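Okay, here's what each chain looks like letter by letter:
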Amino acid sequence: MQAEFEKLGELIKDIRVAMVTTVEADGTLHTRPLAMLAYENDGQLWFYTAIDSAKVSEVMHDVRTSVAFSDTGKDAYVAVSGTADIVNDRQRIHELWTPFAKPWFPNGPDDPNLALLRVHVERGEYWTSPGKAAYLFGVAKAAMTGKRTPMGENRKLTM
């Protein structure tokens, strides 16, 4: 199973922004883009968050979270779900600091409003495609044979 989660990490490592979904107090799903800071092969995703943001309130009320990644250039798509928590570890915040966070946190990694959103991945699924040429070949093959042609890899993972 560890190899599958490493594969998941390989697929998302270059995807800068993910769509993160949390649950509002009334049960409504709330999705927003967040820049991923790190993925650890034990199934942890890390993002910056402001302490006073809606996502922090939502996670404090309901820890269920999902995260979606899309890399159209590599035809790779990943969706994970699990639980989230808020981490206020200054050392870890410094370790993950990137200048790209400066517009949202102008006081840098010591900003008292800065914390980490950690998502513990419990389930994941990914889809990959061999690319446009293989896709066109698959379309032609399906048209000629009248049968469905496998067009990549799809895997479900459970941690």
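Visitor: I tried to follow unusual backbone geometry on my own but got confused; where do I start?
Guide: Where the residue is not glycine, phi is negative for most of them; where a peptide bond is considered, it is trans in most cases. Notably, Asp75 is not glycine yet its phi reads approximately 50°, a positive angle. Position of Asp75 relative to the elements: it lies in the loop between strand S4 (64-71) and strand S5 (76-87). Here Asp75 falls in the buried class, since its relative accessible area comes to 18%.

Visitor: Could you clarify how one ought to interpret the pairing of strand S1 (residues 17-23) in this entry?
Guide: Sheet faces and side chains relate simply in a regular strand, where the side chains alternate between the two faces. Burial within S1 is extensive, with five of its seven residues counted as buried. Strand direction decides the pairing type here: S1 and strand S2 (residues 29-40), joined by seven bridges, are antiparallel. Its bridge partner being in S2, Val17 is matched across the sheet by Ala35. Between S1 and S2, which follow one another and run antiparallel, lie five residues, and Gly27 among them has a positive phi close to 95°. In terms of strand pairing, S1 meets S4 through three bridges, oriented antiparallel.

Visitor: Is there a simple way to explain helix H1 (residues 2-12) in this structure?
Guide: Because each turn of an α-helix spans 3.6 residues, side chains separated by three or four positions end up pointing in the same direction. The complete set of buried residues in H1 reads Phe5, Leu8, Gly9, Leu11 and Ile12. The arc that holds the buried residues of H1, viewed along the axis, is 160°, so those residues lie on one side.

Visitor: Mind showing me how you'd approach the environment of Thr21 here?
Guide: Here Thr21 is to be found in strand S1. C-alpha separation for the pair Thr21 and Ser66, spaced 45 residues apart in sequence, amounts to 5.1 Å.

Visitor: For this particular structure, what's the right way to read the side chain of Ser53?
Guide: Its location among the elements puts Ser53 in the loop between strand S3 (44-50) and helix H2 (54-61). On the basis of relative accessibility, which here comes to 13%, the residue Ser53 falls in the buried class.

Visitor: Any chance you could explain the pairing of strand S6 (residues 114-128) here in plain terms?
Guide: Within S6, eleven of the 15 residues are buried, leaving the element largely enclosed by the surrounding structure. Alignment of S3 against S6, held across seven bridges, turns out to be antiparallel. Considered in S6, the bridge of Phe47 is made with Leu117. Bridging between S5 and S6 involves twelve bridges; their strand directions are antiparallel. Bridge assignment links Gly82 to a residue of S6, and that residue is Val121.

Visitor: Please clarify how the pattern of salt bridges should be interpreted in this entry.
Guide: Note on pairing: side chains with opposite charge can pair once their charged atoms come close. The final tally for this structure, using the stated rule, is seven salt bridges. Of the charged contacts in the structure, one is a salt bridge between Asp14 and Lys74, with a shortest N-O distance of 3.2 Å. Placement of the pair is Asp14 in the loop between H1 and S1 and Lys74 in the loop between S4 and S5, with a sequence separation of 60 residues. For Glu58, the salt bridge goes to Arg32, with nearest N and O atoms at 2.9 Å. Residue Glu58 is located in helix H2, and its partner Arg32 is located in strand S2; the two are separated by 26 residues in the primary sequence.

Visitor: I tried to follow the nonpolar core on my own but got confused; where do I start?
Guide: For soluble globular proteins, the rule of thumb is that nonpolar side chains tend to be buried together. Judged by nonpolar contacts, the single largest core of 23 residues is most densely connected at Ile12, Leu45, Phe47, Val67, Phe69 and Val78. Of all elements in the fold, only H1, S1, S2, S3, S4, S5 and S6 reach the threshold of two or more residues within this core. Counting residues in each nonpolar core, the second largest holds eleven residues, with Ala38, Ala50, Ile93 and Leu114 among its members.

Visitor: Would you explain the confidence of the model for the protein in this entry?
Guide: As a note on interpretation, predicted positions should not be read in detail where pLDDT is low. Of the residues in the protein, 82% reach a pLDDT of 70 or more, and the chain-wide mean stands at 87. The secondary-structure element of the protein with the lowest mean pLDDT is helix H4 (residues 132-145), recorded at 52, while S1 shows the highest, at 98.

Visitor: I keep staring at the environment of Phe69 and nothing clicks. Help me out?
Guide: Relative to the elements of secondary structure, Phe69 occurs in strand S4. By relative accessible area, which is 4% here, Phe69 ends up buried. In this structure, the C-alpha to C-alpha distance between Phe69 and Tyr126, residues 57 residues apart in sequence, is 9.3 Å. Once you skip the residues sitting within four places of it in the chain, Phe69 turns out to touch Ile12, Ile15, Ala18, Met36, Leu45, Ala76, Tyr77 and Val78.

The rules behind these values
Residues numbered from 1 in each chain as written. Predicted model: local features only at pLDDT ≥ 70, side-chain atom pairs only at ≥ 80, totals over all residues. Heavy atoms only, no water. Helix = DSSP H or I, 4+ residues; strand = E, 2+ residues; numbered from the N terminus. Buried < 20%, exposed > 50% of the residue type's maximum accessible area, 1.4 Å probe, protein only. Pairing = 2+ DSSP bridges. Arc of directions from axis to C-beta. Salt bridge = Lys/Arg side-chain N within 4 Å of Asp/Glu carboxyl O. Core = buried A, V, L, I, M, F, W, Y, C linked by side-chain atoms within 4.5 Å. pLDDT = per-residue confidence, 0-100. Contact = heavy atoms within 4.5 Å.

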